[in-house]
Amino acid sequence: MHHHLPPWRKSAMPSPRPSIIIPTGSGQSTWYYQPYVDAVQKAGGIPRLTSPDLDEEALEALASRMDGLLLAGGGDVDPCLYGQAPHPALGRVDRARDDLELALACLALRRGLPILGICRGIQVLNVATGGTLYQDLPSERPGSLQHGCFQPQFPADHIAHEVTLEPGSLLARTMGREALPVNSRHHQGVDRLGEGWRAVAHAPDGLVEAMEAPGHPFALGVQWHPESLIGLPEHGLRLFAAFVRACGAP
Ligand code: MN
(Lines give C-alpha, C1' and ligand atoms only; values in the text may rest on other atoms or scores of the structure.)
Protein backbone atom coordinates (compact mmCIF):
# COMPACT_ATOMS: atom_id res chain seq x y z
CA MET A 1 0.00 0.00 0.00
CA HIS A 2 1.49 3.36 -1.05
CA HIS A 3 0.83 6.30 1.18
CA HIS A 4 2.83 8.81 -0.85
CA LEU A 5 2.30 10.04 -4.34
CA PRO A 6 5.19 9.27 -6.69
CA PRO A 7 7.41 12.33 -7.11
CA TRP A 8 6.16 13.12 -10.61
CA ARG A 9 2.66 13.77 -9.27
CA LYS A 10 3.91 16.44 -6.91
CA SER A 11 4.95 18.71 -9.76
CA ALA A 12 1.89 18.07 -11.93
CA MET A 13 0.60 21.62 -11.48
CA PRO A 14 -1.16 23.60 -14.18
CA SER A 15 1.52 25.42 -16.16
CA PRO A 16 1.15 28.92 -17.55
CA ARG A 17 4.16 28.38 -19.79
CA PRO A 18 3.36 29.13 -23.43
CA SER A 19 3.89 26.64 -26.26
CA ILE A 20 6.39 27.94 -28.79
CA ILE A 21 6.43 26.15 -32.15
CA ILE A 22 9.88 25.92 -33.77
CA PRO A 23 9.70 24.39 -37.29
CA THR A 24 12.75 22.35 -38.32
CA GLY A 25 14.23 21.32 -41.67
CA SER A 26 13.13 18.10 -43.43
CA GLY A 27 14.88 15.08 -41.95
CA GLN A 28 17.24 17.32 -39.99
CA SER A 29 18.61 16.16 -36.64
CA THR A 30 17.49 18.31 -33.73
CA TRP A 31 20.91 19.16 -32.25
CA TYR A 32 21.09 22.17 -34.56
CA TYR A 33 18.11 23.69 -32.73
CA GLN A 34 19.42 23.16 -29.19
CA PRO A 35 20.48 26.81 -28.66
CA TYR A 36 16.93 27.96 -29.62
CA VAL A 37 15.38 25.29 -27.38
CA ASP A 38 17.59 26.37 -24.46
CA ALA A 39 16.89 30.08 -24.92
CA VAL A 40 13.09 29.62 -25.17
CA GLN A 41 13.12 27.33 -22.15
CA LYS A 42 15.24 29.69 -20.06
CA ALA A 43 12.87 32.52 -20.98
CA GLY A 44 9.92 30.50 -19.62
CA GLY A 45 8.41 28.97 -22.77
CA ILE A 46 7.92 25.36 -23.85
CA PRO A 47 9.89 24.86 -27.09
CA ARG A 48 8.21 22.44 -29.52
CA LEU A 49 10.26 21.35 -32.52
CA THR A 50 8.04 20.49 -35.48
CA SER A 51 9.19 18.84 -38.71
CA PRO A 52 7.59 19.65 -42.10
CA ASP A 53 5.18 17.65 -44.29
CA LEU A 54 2.12 18.05 -42.08
CA ASP A 55 -1.25 17.50 -43.72
CA GLU A 56 -3.81 20.31 -43.60
CA GLU A 57 -5.60 18.90 -40.56
CA ALA A 58 -2.42 18.40 -38.52
CA LEU A 59 -1.29 21.92 -39.42
CA GLU A 60 -4.60 23.38 -38.25
CA ALA A 61 -4.48 21.37 -34.98
CA LEU A 62 -0.89 22.49 -34.37
CA ALA A 63 -1.78 26.10 -35.07
CA SER A 64 -4.66 26.00 -32.58
CA ARG A 65 -2.23 24.94 -29.82
CA MET A 66 0.42 27.49 -30.75
CA ASP A 67 1.01 30.40 -28.37
CA GLY A 68 3.92 31.74 -30.41
CA LEU A 69 6.08 30.97 -33.46
CA LEU A 70 9.86 30.97 -33.56
CA LEU A 71 11.38 30.78 -37.04
CA ALA A 72 14.97 29.58 -36.63
CA GLY A 73 18.07 29.81 -38.80
CA GLY A 74 18.78 27.45 -41.68
CA GLY A 75 19.22 27.21 -45.44
CA ASP A 76 17.96 29.46 -48.22
CA VAL A 77 14.31 30.11 -49.08
CA ASP A 78 13.35 28.88 -52.57
CA PRO A 79 13.62 32.08 -54.70
CA CYS A 80 10.62 31.08 -56.83
CA LEU A 81 8.56 31.96 -53.74
CA TYR A 82 9.47 35.61 -54.34
CA GLY A 83 9.40 35.43 -58.11
CA GLN A 84 13.10 35.03 -58.89
CA ALA A 85 15.18 32.49 -60.77
CA PRO A 86 17.89 30.77 -58.70
CA HIS A 87 21.19 32.69 -58.45
CA PRO A 88 24.34 30.53 -59.02
CA ALA A 89 25.38 31.10 -55.39
CA LEU A 90 22.01 29.99 -53.99
CA GLY A 91 22.43 27.35 -51.28
CA ARG A 92 20.37 24.21 -50.66
CA VAL A 93 16.62 24.80 -50.47
CA ASP A 94 14.04 22.78 -48.50
CA ARG A 95 10.65 23.43 -50.03
CA ALA A 96 8.71 21.45 -47.39
CA ARG A 97 10.20 23.63 -44.66
CA ASP A 98 9.49 26.79 -46.67
CA ASP A 99 5.85 25.75 -47.06
CA LEU A 100 5.34 24.94 -43.36
CA GLU A 101 7.04 28.13 -42.17
CA LEU A 102 5.23 30.36 -44.67
CA ALA A 103 1.86 28.83 -43.70
CA LEU A 104 2.51 29.26 -39.97
CA ALA A 105 3.91 32.78 -40.45
CA CYS A 106 0.82 33.93 -42.39
CA LEU A 107 -1.42 32.38 -39.76
CA ALA A 108 0.45 33.97 -36.83
CA LEU A 109 0.48 37.36 -38.58
CA ARG A 110 -3.26 37.12 -39.28
CA ARG A 111 -4.17 35.97 -35.76
CA GLY A 112 -1.89 38.39 -33.93
CA LEU A 113 0.18 35.56 -32.40
CA PRO A 114 3.72 36.52 -31.35
CA ILE A 115 6.44 35.72 -33.90
CA LEU A 116 10.20 35.89 -33.59
CA GLY A 117 12.15 35.31 -36.81
CA ILE A 118 15.87 34.67 -36.55
CA CYS A 119 18.30 34.85 -39.53
CA ARG A 120 16.50 32.65 -42.10
CA GLY A 121 13.42 33.50 -40.00
CA ILE A 122 13.45 37.23 -40.86
CA GLN A 123 13.81 36.22 -44.51
CA VAL A 124 10.82 33.85 -44.30
CA LEU A 125 8.72 36.62 -42.70
CA ASN A 126 9.68 38.99 -45.50
CA VAL A 127 8.85 36.48 -48.25
CA ALA A 128 5.55 35.59 -46.49
CA THR A 129 4.41 39.19 -46.94
CA GLY A 130 5.53 39.75 -50.54
CA GLY A 131 9.07 41.00 -49.87
CA THR A 132 12.21 39.91 -51.72
CA LEU A 133 15.68 38.75 -50.68
CA TYR A 134 19.25 39.20 -51.83
CA GLN A 135 20.09 35.62 -52.81
CA ASP A 136 23.78 36.19 -52.23
CA LEU A 137 25.06 39.38 -50.59
CA PRO A 138 28.72 39.21 -51.73
CA SER A 139 27.76 38.96 -55.42
CA GLU A 140 24.46 40.89 -55.51
CA ARG A 141 25.36 43.70 -53.14
CA PRO A 142 29.01 44.56 -53.76
CA GLY A 143 30.59 46.68 -51.04
CA SER A 144 28.69 44.87 -48.29
CA LEU A 145 30.41 44.11 -44.99
CA GLN A 146 31.41 40.52 -44.31
CA HIS A 147 28.07 39.15 -43.07
CA GLY A 148 29.05 35.50 -43.53
CA CYS A 149 31.06 34.82 -40.38
CA PHE A 150 30.13 31.14 -40.20
CA GLN A 151 31.17 28.39 -37.82
CA PRO A 152 33.57 26.70 -37.36
CA GLN A 153 35.93 29.41 -38.67
CA PHE A 154 34.19 31.88 -36.35
CA PRO A 155 32.76 31.13 -32.91
CA ALA A 156 28.96 31.37 -32.66
CA ASP A 157 29.20 34.56 -30.58
CA HIS A 158 31.78 36.26 -32.81
CA ILE A 159 30.85 39.96 -33.07
CA ALA A 160 30.91 40.69 -36.81
CA HIS A 161 29.42 44.19 -36.90
CA GLU A 162 27.23 46.63 -35.06
CA VAL A 163 23.59 47.42 -35.81
CA THR A 164 21.85 50.75 -35.27
CA LEU A 165 18.37 50.41 -33.80
CA GLU A 166 15.42 52.66 -34.63
CA PRO A 167 14.73 54.78 -31.52
CA GLY A 168 11.37 53.97 -29.93
CA SER A 169 10.95 50.67 -31.79
CA LEU A 170 9.86 47.49 -29.96
CA LEU A 171 13.39 46.19 -30.58
CA ALA A 172 15.15 49.28 -29.16
CA ARG A 173 12.86 49.30 -26.12
CA THR A 174 13.42 45.58 -25.57
CA MET A 175 17.20 45.86 -25.81
CA GLY A 176 17.30 49.15 -23.87
CA ARG A 177 19.81 50.69 -26.30
CA GLU A 178 20.15 52.08 -29.81
CA ALA A 179 23.33 50.34 -30.96
CA LEU A 180 24.08 46.67 -30.58
CA PRO A 181 27.10 44.48 -31.37
CA VAL A 182 25.90 41.37 -33.24
CA ASN A 183 27.11 38.14 -34.81
CA SER A 184 26.42 37.54 -38.50
CA ARG A 185 25.99 34.15 -40.16
CA HIS A 186 24.11 34.89 -43.36
CA HIS A 187 24.89 35.18 -47.07
CA GLN A 188 21.35 36.29 -47.93
CA GLY A 189 19.45 39.34 -46.70
CA VAL A 190 16.24 41.35 -46.83
CA ASP A 191 15.98 43.39 -50.04
CA ARG A 192 12.53 44.90 -50.74
CA LEU A 193 10.52 44.95 -47.52
CA GLY A 194 7.26 42.98 -47.45
CA GLU A 195 3.93 44.58 -46.65
CA GLY A 196 3.33 45.73 -43.07
CA TRP A 197 6.98 45.80 -41.92
CA ARG A 198 9.19 48.60 -40.73
CA ALA A 199 12.99 48.26 -40.81
CA VAL A 200 14.18 48.84 -37.23
CA ALA A 201 17.88 47.93 -37.39
CA HIS A 202 20.58 48.50 -40.00
CA ALA A 203 24.17 47.35 -40.42
CA PRO A 204 26.79 50.06 -41.13
CA ASP A 205 26.56 49.13 -44.85
CA GLY A 206 22.82 49.93 -44.83
CA LEU A 207 21.54 46.33 -44.90
CA VAL A 208 18.27 45.72 -43.03
CA GLU A 209 19.15 43.69 -39.91
CA ALA A 210 15.75 43.74 -38.15
CA MET A 211 12.12 44.51 -38.93
CA GLU A 212 8.92 44.62 -36.94
CA ALA A 213 5.22 44.95 -37.77
CA PRO A 214 3.65 48.01 -36.15
CA GLY A 215 0.11 47.19 -35.01
CA HIS A 216 0.90 43.52 -34.41
CA PRO A 217 1.38 42.63 -30.70
CA PHE A 218 4.84 41.10 -31.29
CA ALA A 219 6.16 40.39 -34.79
CA LEU A 220 9.91 40.83 -35.01
CA GLY A 221 12.61 39.52 -37.29
CA VAL A 222 16.35 39.83 -36.66
CA GLN A 223 19.14 38.89 -39.06
CA TRP A 224 21.65 38.01 -36.32
CA HIS A 225 21.63 35.00 -33.95
CA PRO A 226 20.51 36.09 -30.45
CA GLU A 227 20.39 32.44 -29.31
CA SER A 228 24.21 32.43 -29.51
CA LEU A 229 24.61 35.74 -27.65
CA ILE A 230 22.80 35.17 -24.35
CA GLY A 231 26.17 35.16 -22.57
CA LEU A 232 26.85 38.77 -23.60
CA PRO A 233 25.65 41.50 -21.21
CA GLU A 234 24.26 43.63 -24.10
CA HIS A 235 22.02 40.72 -25.11
CA GLY A 236 21.32 38.20 -22.35
CA LEU A 237 17.84 36.74 -22.63
CA ARG A 238 16.19 40.13 -23.36
CA LEU A 239 14.82 39.26 -26.81
CA PHE A 240 13.58 35.79 -25.83
CA ALA A 241 12.11 37.05 -22.54
CA ALA A 242 10.11 39.77 -24.32
CA PHE A 243 8.93 37.27 -26.96
CA VAL A 244 7.89 34.58 -24.47
CA ARG A 245 6.17 37.19 -22.28
CA ALA A 246 4.18 38.34 -25.34
CA CYS A 247 3.20 34.66 -25.81
CA GLY A 248 1.57 34.65 -22.38
CA ALA A 249 4.29 33.84 -19.85
CA PRO A 250 3.82 35.67 -16.54
MN1 MN B 1 24.80 40.79 -40.64
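Our subject is the structure that appears above.
Residues numbered from 1 in each chain as written. Predicted model: local features only at pLDDT ≥ 70, side-chain atom pairs only at ≥ 80, totals over all residues. Heavy atoms only, no water.

(A) Main features of unusual backbone geometry. Omega for the peptide link from Gln151 to Pro152 comes to 0 degrees, which places this bond in the cis form. Its location among the elements puts Pro152 in the loop between helix 6 (137-140) and strand 6 (161-165). The backbone of Asp53 sits at a positive phi, close to 70 degrees, despite the residue not being glycine. Looking at where Asp53 falls in the secondary structure, it is placed in the loop between strand 2 (46-50) and helix 3 (56-64). A positive phi angle, close to 55 degrees, is found at Cys119, a residue other than glycine. Looking at the element boundaries, Cys119 is found in the loop between strand 4 (115-118) and helix 5 (120-128). Judged by relative accessible area, Cys119 falls into the buried class, the value being 5%. (Helix = DSSP H or I, 4+ residues; strand = E, 2+ residues; numbered from the N terminus. Buried < 20%, exposed > 50% of the residue type's maximum accessible area, 1.4 Å probe, protein only.)

(B) Summary view of the environment of Val163. Mapping Val163 onto the fold places it in strand 6. The class of Val163 is buried, set by a relative accessible area of 0%. Sequence-distant contacts of Val163, that is, excluding residues within four places in its chain, are made with Glu178, Ala179, Leu180, Val182, Ala201, His202, Ala203, Glu209 and Trp224. (Contact = heavy atoms within 4.5 Å.)

(C) Main features of the pairing of strand 2. Pairing geometry for strand 1 (residues 19-23) and strand 2, over five bridges, is parallel. Considered in strand 2, the bridge of Ile22 is made with Leu49. Each parallel crossover has a hand, and the one from strand 1 via helix 2 (residues 34-42) to strand 2 is right-handed. (Pairing = 2+ DSSP bridges. Right-handed = clockwise from strand over helix to strand, strands pointing away.)

(D) The nonpolar core, seen in detail. Judged by nonpolar contacts, the single largest core of 36 residues is most densely connected at Leu70, Leu171 and Trp224. In terms of residues, this core owes the most to one element, helix 8 (residues 238-246), which gives five residues. If we ignore the near neighbours within four places in the chain, the residues touching Leu70 are Ile20, Ile21, Ile22, Pro23, Tyr36, Val40, Leu116, Ile118, Phe240 and Phe243. Listed in part, the 29 residues of the second largest apolar core include Tyr82, Ile115, Leu125 and Val208. (Core = buried A, V, L, I, M, F, W, Y, C linked by side-chain atoms within 4.5 Å.)

(E) Summary view of the side chain of His216. Along the chain, His216 turns up in the loop between strand 10 (208-212) and strand 11 (219-222). Its relative accessible area of 13% is what places His216 among the buried residues. Here Phe218 takes part through its backbone nitrogen, which lies 3.0 Å from a polar atom of the side chain of His216. In this structure the side chain of His216 is engaged in a polar contact, spanning 3.5 Å, whose partner is the backbone nitrogen of Ala219. Excluding its chain neighbours within four sequence positions, the residues that come into contact with His216 are Ala108, Leu109, Gly112, Leu113, Pro114 and Ile115. (Polar contact = N/O pair within 3.5 Å; in protein donor to acceptor, adjacent residues only side chain to side chain.)

(F) The arrangement of empty space enclosed by the protein in detail. One pass over the full model with this rule turns up one cavity of 30 Å³ or more. Its boundaries defined by the atoms lining it, the largest cavity holds a volume of some 40 Å³. Lining the largest cavity are Met175, Trp224, Pro226, Ile230, His235, Gly236, Leu239 and Phe240. Residue composition of the lining of the largest cavity, by class: six nonpolar, two polar and no charged. (1 Å grid on protein atoms, 1.4 Å probe; cavity = no way out; pocket = protein on both sides within 12 Å on 5 of 7 lines; lining within 4 Å. Points joined across faces, edges and corners; volume = space filled by probe spheres on them. Nonpolar A, V, L, I, M, F, W, Y, C, P; charged D, E, K, R; others polar.)

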